[in-house]
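# Fold and geometry: a report
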Amino acid sequence: MRKNFGAKPCVYPMPVFIISTYDENGVPNAMNAAWGGIAEENRISICLDQTHKTTANIVKKKAFVVSMATEDRVAECDYVGIVSGNDVPDKFAKAGFHAEKSENVDAPLIKELPLSVECKLISYDDATCLLIGEIVNVCADESVLTDGKIDPKKLKPITYDTVNKKYYSFGEIVGNAFSDGKKIRNA
């Protein structure tokens, strides 16, 4: 028997994105956004309300960086989600983040978060709050690489549980994509 919960934003796992931007004066800003994902091979979509300082920065600069929140930076990543850049202009620094200029877009990389997706704005719809960005580069600190590839066990990304309002660490390997199903297909 199943229990109905109604129309709720209940998707597992929900990534925890930290979106970083520069304002018109070159001041870095960051916010926590869990309402997003990959839209196509080279696109990312995120639901961002127009009242966010980050949204205004993206619309002005036409660029942003999406970093993955990590286990070792939960407090910092949560902080940039509960405090508004409209109210706390130095929240990036207060979180203990350090900006490094992206080589590909006019937005900051966050040195403390080792995996970043650099994006150019494709569109933003005020009515739906849907932001679409073109992924122009993905960069990762060597500390999270194994054999030249991103290693989730080293990265330690967190996920967000929208029902219980908790962050969870990334799980263990339970299978091989595009492979394990062949057992059934070939049976």
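With that settled, consider the sheet that holds strand S14 (residues 166–169). The three strands are arranged S1-S13-S14 in an open sheet whose pairing can be described as antiparallel. The sheet is open, and its two borders are formed by strand S1 (14–15) and S14, each paired with just one other strand.

Below, the discussion takes up the pairing of strand S4 (residues 36–40). Side chains on a regular strand alternate between the two faces of the sheet. The sheet contact formed by S4 and strand S5 (residues 43–47) spans four bridges and is antiparallel. Residue pairing in the sheet places Ile38 in a bridge with Ile44 of S5. The turn joining S4 and S5, which pair antiparallel and follow one another in sequence, is formed by two residues.

Let's shift gears to the environment of Gly85. Its location among the elements puts Gly85 in the loop between helix H2 (74–82) and helix H3 (91–94). What makes Gly85 buried here is its relative accessible area of 11%. Placed 32 residues apart in sequence, Gly85 and Lys53 show a C-alpha to C-alpha distance of 5.5 Å. For Gly85, the residues in contact, after removing those within four places along its chain, are Asn29, Lys53 and Lys91.

What follows deals with the packing of aromatic side chains. Tallying each qualifying case throughout the model produces two aromatic pairs. Considering the side-chain rings of Phe92 and Phe97, the 5.7 Å spacing of their centres and the 65° angle between planes classify their relative orientation as edge-to-face. With respect to class, Phe92 is no different from Phe97; both count as buried. Look at Tyr160 and Tyr167: their rings are 5.9 Å apart centre to centre, the planes differ by 50°, and that puts the pair in the tilted class. Judged by relative accessible area, Tyr160 falls into the buried class, the value being 17%. Looking at Tyr167, the relative accessible area reads 27%, which means it is partly exposed.

Here is what the cut-offs are and how they apply
Residues numbered from 1 in each chain as written. Predicted model: local features only at pLDDT ≥ 70, side-chain atom pairs only at ≥ 80, totals over all residues. Heavy atoms only, no water. Pairing = 2+ DSSP bridges. Helix = DSSP H or I, 4+ residues; strand = E, 2+ residues; numbered from the N terminus. Buried < 20%, exposed > 50% of the residue type's maximum accessible area, 1.4 Å probe, protein only. Contact = heavy atoms within 4.5 Å. Phe/Tyr/Trp six-rings, centres within 6.5 Å; stacked < 30°, edge-to-face > 60°.

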